[in-house]
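In case you want the letters, here they are:
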Amino acid sequence: MLKLIIYVVGTIFVLVEGTLLAFVILYRRRKGERAAFVRGDSLRQLSWVLIPVVIVAFLDVAIDVMAKPVWELIKEQSPPPGLTVKLAALQFGWEFTYPGPDGKFGTPDDLVQTTFLTVPAGQVIRLLMTSKDVIHSFYVPQLRLRQDIIPGREIPAWFEATQPGKYEIACSQLCGISHFAMKGILRVLTPDEYKQWVSQHWPKSGAGPGKSASGARSSATGKEG
């Protein structure tokens with residue numbers, strides 16, 4: 001889909017800019033000739049505007065129709081998560097709440113972390129996002145994931161990171177004077193590293209967190225260190 005958009009937009013760009021350049025050269029100012037004011041009253045003259053409008057409108061609708069399955073996959077058909085984390089955005093930072101071994105939020109074994117979101121590679125991660133003050137936007141460029149977070153609403157999103165490593169979490173909405181400093185770190189661990197991470201934060205849980213309320217397996221992580 002991304003390549004299709006690039007091809008369509010790139011073709012239109014070349015045609016439009018090429019036509020504009022041709023008009024600049026062909027109808028440039030010449031000595032002894034006066035410029036003409038074209039009102040666009042005739043259908044032939046209007047066609048220079050109407051035909052491009054129809055083409056662009058058709059391509060726009062076609063791209064929307066072809067992108068519908070991708071939108072449904074991302075926004076409407078979230079796969080079963082391996083881990084669900086609650087995210088709270090605030091001026092100017094991030095809070096991540098993990099369910100404990102009972103797999104439930106709001107119990108004493110919950111783990112609340114700031115700045116660092118640690119997840120296993122190869123698992124679907126579900127985020128339940130809220131804002132404590134103004135509109136923020138969760139953005140991880142490497143995951144092509146950007147989601148606005150609105151006060152008073154819990155907004156779901158999901159991702160699946162396949163490559164272990166560290167990735168910056170940014171806020172892509174201007175949210176106040178220290179917006180530039182509002183960043184976090186997404187740590188993606190291998191399965192073995194993640195098991196060790198879980199055992200460090202729930203040493204009494206054995207294999208780690210159990211089943212979540214939805215029946216999907218949940219895990220938990222903690223701050224860097």
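Structural notes, computed from the coordinates.

### Here's the deal with the sheet that holds strand 7 (residues 145-149)
Across the sheet, which stays open at both edges, the five strands sit in the order 4-10-9-6-7 with mixed pairing between neighbours. Strands with a single pairing partner mark the edges of an open sheet, and in this sheet they are strand 4 (116-120) and strand 7. Sheet twist, expressed as the average angle between the axes of neighbouring strands with direction ignored, equals 20 degrees. By the bridge criterion, six bridges tie strand 9 (residues 165-171) to strand 10 (residues 183-189) in an arrangement that is antiparallel. Bridge pairing in strand 10 links G165 to V188. Across the sheet, helix 3 (residues 191-201) touches strand 4 and strand 10, and the angle it forms with strand 10 is around 115 degrees.

### Describing the sheet that holds strand 3 (residues 111-114)
One open sheet holds the five strands; their spatial order is 3-2-1-5-8, and the pairing between them is mixed. Two strands bound the open sheet, and with one partner strand each, they are strand 3 and strand 8 (155-159). Across the sheet, the mean angle separating the axes of adjacent strands is 25 degrees when strand polarity is ignored. The pairing of strand 1 (residues 83-90) with strand 5 (residues 125-131) spans seven bridges and is parallel. Counterpart to V85 in the pairing with strand 5 is L127.

### Here's the deal with a nonpolar patch on the surface
A grouping of F23, L26, Y27, W48, V49 and V53 is seen on the molecular surface, where their side chains present a nonpolar patch of about 700 Å² in accessible area. Taken together, the elements giving at least two residues each to the nonpolar patch come down to helix 1 (2-26) and helix 2 (43-76). Considering each element in turn, the nonpolar patch owes the most residues, three residues, to helix 2. When its relative accessible area of 60% is taken as the criterion, W48 is described as exposed.

### Topic: the packing of helix 1 against helix 2
The interhelical angle for the contact between helix 1 and helix 2, taken along N-to-C directions, is 170 degrees, at an axis separation of 11 Å. In this view, helix 1 runs roughly antiparallel relative to helix 2, as classed from their interaxial angle. As for how helix 1 packs across helix 2, the hand of that crossing is left-handed. Only W48, V56, L59, I63 and M66 of helix 2 make contact with helix 1, whose side of the interface consists of L4, I5, V8, I12 and F23. Residue classes in the contact of helix 1 with helix 2 are distributed as 10 nonpolar, no polar and no charged.

### A word on the environment of T118
Relative to the elements of secondary structure, T118 occurs in strand 4. The exposure class of T118 is buried, given its relative accessible area of 0%. For the pair formed by T118 and K166, sequence separation is 48 residues and the distance between their alpha carbons is 9.2 Å.

### Structural notes on the packing of aromatic side chains
Counted under the stated rule, the structure contains three aromatic pairs. On the numbers, 5.7 Å between centres and 65 degrees between planes, the contact of F23 with W48 is edge-to-face. Note that F23 is positioned in helix 1 and W48 in helix 2, a separation of 25 residues in sequence. Centre to centre, the rings of W94 and F138 are 5.6 Å apart; their planes meet at 90 degrees, and the pair counts as edge-to-face. Taken as a pair, W94 in strand 2 (residues 93-98) and F138 in strand 6 (residues 136-140) lie far apart in primary sequence, 44 residues in all. Assessed through its relative accessible area of 3%, W94 is described here as buried. Its relative accessible area of 1% is what places F138 among the buried residues. A connected cluster of aromatic rings, assembled from ring pairs, spans F23, Y27 and W48.

### Points about the environment of V85
Tracing the backbone shows V85 in strand 1. A residue is classified by how much of its surface remains accessible, and V85, at 0% relative accessible area, is buried. Along the sequence, V85 and M129 sit 44 residues apart, while their C-alpha atoms lie 8.6 Å from each other. V85 has contacts with F96, T97, Y98, F105, L117, R126, L127 and L128, leaving out every residue within four places of it along the chain.

What counts, and where the lines are drawn
- Residues numbered from 1 in each chain as written.
- Predicted model: local features only at pLDDT ≥ 70, side-chain atom pairs only at ≥ 80, totals over all residues.
- Heavy atoms only, no water.
- Pairing = 2+ DSSP bridges.
- Helix = DSSP H or I, 4+ residues; strand = E, 2+ residues; numbered from the N terminus.
- Axes fitted to C-alpha atoms, helices over the stretch in contact; angles between N-to-C directions.
- Contact = heavy atoms within 4.5 Å.
- Patch = residues over 30% accessible without salt bridge, like charges linked within 9 Å, V, L, I, M, F, W, Y side chains within 5 Å.
- Areas by Shrake-Rupley, 256 points an atom, 1.4 Å probe, with all protein chains shown as cover.
- Salt bridge = Lys/Arg side-chain N within 4 Å of Asp/Glu carboxyl O.
- Buried < 20%, exposed > 50% of the residue type's maximum accessible area, 1.4 Å probe, protein only.
- Parallel < 35°, antiparallel > 145°, perpendicular 65-115°, else oblique.
- Left-handed = near helix turned anticlockwise from the far one by under 90°.
- Nonpolar A, V, L, I, M, F, W, Y, C, P; charged D, E, K, R; others polar.
- Phe/Tyr/Trp six-rings, centres within 6.5 Å; stacked < 30°, edge-to-face > 60°.

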